[in-house]
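Residue-level structural notes
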Amino acid sequence: MSTVALITGAASGIGAAVARRLSAGGARCVLVDLDGEGAERVAKETGGVALAADVSTEEANRAAVELAERRFGRLDVVHLNAGVVAGVDLGAFDAARYRTAMGVNVDGVVFGVVAALPLLRRSGGGAIVVTSSLAGLVGYDGDPVYTMTKHAVVGLVRALAVPLAAEGVRVSAVCPGFTDTPLVAGARETFVNAGFPLLTAEDVAAAVESACYADPGTLLIVQPGRQPVPYRYAGVPGPAGGERPPTP
């Protein structure tokens, strides 16, 4: 039985690379992106199906899962990858830009999990992999709102790991450094001139595939020239005189 994967932000970059990698291994893919033409191109290339949709809405995420069930009858892997840079200047605040970033980067993950879980359960379990970022683990001051959104999805992954594992659903995240995708196209020349190495989308896609089988709650750091490694948080000190609380 072929694996069925749902991938958001699949028209280019990491999402498209994941679609190519999984389909090469025999998976059937549902590809979701606001860029419907781009998603359709990748679908034709990989033998998948495309859906033009805005993942910041509940309706889009439900429609994507319904498409997976209607076309393939099941769902095994969900890669919640859609993301945007925020570029919000807190000194000259643009509420619309802020809401866009929150809608795609946070709501798109929450709505994606909510929509996918019923079909994953009916399919006997599976994996949810979220694309976070190194900015989800450190205080990246180049884009504070983007950093906040990526911390948020890391927190969601950590909190959901144990309860979803009890239902046979493994949830994890990949946390790549700067990757040569359309998201960083405007800064690519700066990176190259500075001799700063960039990941390829294929590097991250390989980590996403690994994350599908990783322990629940795994946060995979992906950096150029290194094998992906799980991130480990330090334990939190407990109350004075009390026992130290468990670390997730």
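Residues numbered from 1 in each chain as written. Predicted model: local features only at pLDDT ≥ 70, side-chain atom pairs only at ≥ 80, totals over all residues. Heavy atoms only, no water.

The name an unreviewed UniProt entry gives the protein is NAD(P)-dependent dehydrogenase (Short-subunit alcohol dehydrogenase family), with Nonomuraea roseoviolacea subsp. carminata as the organism. Here the protein is described in UniProt, under the heading Sequence similarities (unreviewed entry), as follows: "Belongs to the short-chain dehydrogenases/reductases (SDR) family." (UniProt positions renumbered as here; feature names shortened; annotations may be inferred.)

Let's shift gears to the nonpolar core. Grouped together as the largest cluster of nonpolar side chains are 40 residues, with contacts concentrated most on Val30, Val32, Leu75, Leu120, Ile128 and Val130. Ranked by residues supplied to this core, first place goes to helix H4 (residues 95-122) with eight residues. The contact partners of Leu75, leaving out residues within four places of it in the chain, are Val4, Ala5, Leu6, Ala68, Ala116, Leu119, Leu120, Ser123 and Gly125. (Core = buried A, V, L, I, M, F, W, Y, C linked by side-chain atoms within 4.5 Å. Buried < 20%, exposed > 50% of the residue type's maximum accessible area, 1.4 Å probe, protein only. Helix = DSSP H or I, 4+ residues; strand = E, 2+ residues; numbered from the N terminus. Contact = heavy atoms within 4.5 Å.)

A separate point is empty space enclosed by the protein. As enumerated under the stated definition, the model contains two cavities of 30 Å³ or more in all. Put simply, the largest cavity is a space of about 60 Å³. In terms of lining residues, the largest cavity is bounded by 13 residues, among which Leu6, Asn61, Ala64, Val65 and Gly112 are the most central. Looking at the lining of the largest cavity element by element, the count peaks at four residues for helix H3 (residues 58-72). Classifying every residue of the lining of the largest cavity gives ten nonpolar, three polar and no charged. Size it by volume and the second largest cavity reaches roughly 40 Å³. As for the second largest cavity, its lining consists of Thr8, Val55, Leu80, Asn81, Ala82, Val104, Gly108 and Val109. Residues of the lining of the second largest cavity, tallied by class, amount to five nonpolar, three polar and no charged. (1 Å grid on protein atoms, 1.4 Å probe; cavity = no way out; pocket = protein on both sides within 12 Å on 5 of 7 lines; lining within 4 Å. Points joined across faces, edges and corners; volume = space filled by probe spheres on them. Nonpolar A, V, L, I, M, F, W, Y, C, P; charged D, E, K, R; others polar.)

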